[in-house]
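Here is what each chain is made of, one letter per residue.
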Amino acid sequence: EKNISIARKAAIGKKVGNFSLPDQEGKMQNLKDLLAGKKYLLIDFCASWCMPCRQEFVHMRPLYDKYKDKGFEVLGISTDQSKQSWLGALKQEFRPWPQVWDGGTAKEKQISATLFYVPVLPTTYLINAEGEIIGNNLRGKELDDKIAELLGKADVKNNASADEEAVNALRAAN
């Protein structure tokens, strides 16, 4: 029942409440401040031991670089229980977007267990400037297409078939 309740809170169309988590320097980062001046924020739940998460970072970097000045931000939320494991992974990889740690409290008090439904990793939520969830578990080309749809036609790979798919996605959404 608890999972169903949390899944409902984290459904598309629901608003995410403000939360704060520490970054790698221990400074608290909150959702409200991260959304300030942004149009869209991708919340990416990940962990150092999650190879699919770490592989996705390679794909996310060019997307982030392309859209960061157009109102797109990414927030990496580590669910690692070990702060050292999280910090070690950050040193190994270049993630230019904000990173915070959700592993410093009891599991039942973590953001990943109270405000969001994170049954597996990676799990992502796309929210708009008002904090409303507008997408979840978007990765790869699906994420590229959604961000292109929202922020303008600009496929990261810039190929014609991807452009055609983005147009079709726009038609399907209308």
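Visitor: Residue-level account of the overall build of the protein chain, with values.
Guide: Looking only at helices and strands, the protein chain has seven helices and seven strands in total. Its helices and strands in sequence order give the protein chain the pattern α-β-β-α-β-α-β-α-β-α-β-β-α-α, from N to C terminus. Buried positions account for 47% of the 174 residues belonging to the protein chain. Here the analysis covers contacts within the protein chain between residues at least 6 apart in sequence; of these, 65% occur between residues at least 24 apart. Of the roughly 9,100 Å² of accessible surface on the protein chain, a fraction of 50% belongs to carbon and sulfur atoms.

Visitor: Pulling in residues and values, what's your account of the state of the cysteines?
Guide: According to the stated counting rule, one finds one disulfide in the structure shown. Disulfide pairing places cysteine 50 opposite cysteine 53 at an S-S distance of 2.3 Å. Across the S-S bond of cysteine 50 and cysteine 53 the torsion is about 80°, and the bridge reads as right-handed. The exposure classification of cysteine 50 matches that of cysteine 53, with both residues buried. Of all cysteine sulfurs, the one in cysteine 53 lies closest to cysteine 46, which takes part in no disulfide; the gap is 5.6 Å.

Visitor: A description of the pattern of salt bridges should follow, citing residues and the corresponding values.
Guide: For the structure on display, the rule yields six salt bridges. Among the ionic pairs, arginine 95 bridges to glutamate 93, the shortest N-O distance being 2.7 Å. Of the charged contacts, one joins glutamate 149 and lysine 146 as a salt bridge, the two residues approaching to 3.9 Å between their closest N and O atoms. With a gap of three residues between them, glutamate 149 and lysine 146 both fall in helix α6 (residues 140–151), about one helical turn apart. Overlapping salt bridges bring together Arg54, Glu93 and Arg95 as one network.

Visitor: Tell me about the environment of glycine 17, residues and numbers included.
Guide: Examined against the element boundaries, glycine 17 turns out to sit in the loop between α1 (2–9) and β1 (20–22). Residue glycine 17 is classed as partly exposed on the basis of its relative accessible area of 35%. Spatially, the C-alpha atom of glycine 17 lies 8.2 Å from that of leucine 31, the residues being 14 residues apart in sequence. The contact partners of glycine 17, leaving out residues within four places of it in the chain, are Leu31 and Leu115.

Visitor: Tell me about α6, and please be specific about residues and values.
Guide: With twelve residues, α6 extends 17 Å from end C-alpha to end C-alpha; this agrees with the ideal 16 Å at 1.5 Å per step. Once α6 finishes, glycine 152 follows within two positions and takes phi at roughly 115°, a positive value.

Visitor: Explain the pairing of strand β3 (residues 40–46) to me, using residue names and the numbers behind them.
Guide: Counting buried residues along β3, seven of its seven residues qualify, which places the element largely inside the surrounding structure. Across the two faces of β3 the burial is the same, with Tyr40, Leu42, Asp44 and Cys46 and Leu41, Ile43 and Phe45 all buried. In the sheet, β3 pairs with strand β4 (residues 72–78) via seven bridges, with the strands oriented parallel. What sits directly across from isoleucine 43, in β4, is leucine 75. For the crossover that starts at β3, traverses helix α3 (residues 51–67) and ends in the parallel β4, the hand is right-handed.

Visitor: Now, about the pairing of β4: what can you tell me, with residues and values included?
Guide: Regular strands place side chains that alternate from one sheet face to the opposite one. Across the seven residues of β4, seven count as buried, placing the element largely inside the fold. Burial along β4 is two-sided: Phe72, Val74, Gly76 and Ser78 and Glu73, Leu75 and Ile77, pointing in opposite directions, are all buried. Of the pairings in the sheet, the one linking β4 to strand β5 (residues 99–101) comprises three bridges and is parallel in character. Paired with glycine 76 across the strands is glutamine 99, a residue of β5. In terms of handedness, the path from β4 via helix α4 (residues 83–92) over to β5 forms a crossover that is right-handed.

Definitions and limits used
Residues numbered from 1 in each chain as written. Predicted model: local features only at pLDDT ≥ 70, side-chain atom pairs only at ≥ 80, totals over all residues. Heavy atoms only, no water. Helix = DSSP H or I, 4+ residues; strand = E, 2+ residues; numbered from the N terminus. Buried < 20%, exposed > 50% of the residue type's maximum accessible area, 1.4 Å probe, protein only. Contact = heavy atoms within 4.5 Å. Areas by Shrake-Rupley, 256 points an atom, 1.4 Å probe, with all protein chains shown as cover. Disulfide = S-S within 2.5 Å. Salt bridge = Lys/Arg side-chain N within 4 Å of Asp/Glu carboxyl O. Expected span 1.5 Å × (residues − 1). Pairing = 2+ DSSP bridges. Right-handed = clockwise from strand over helix to strand, strands pointing away.

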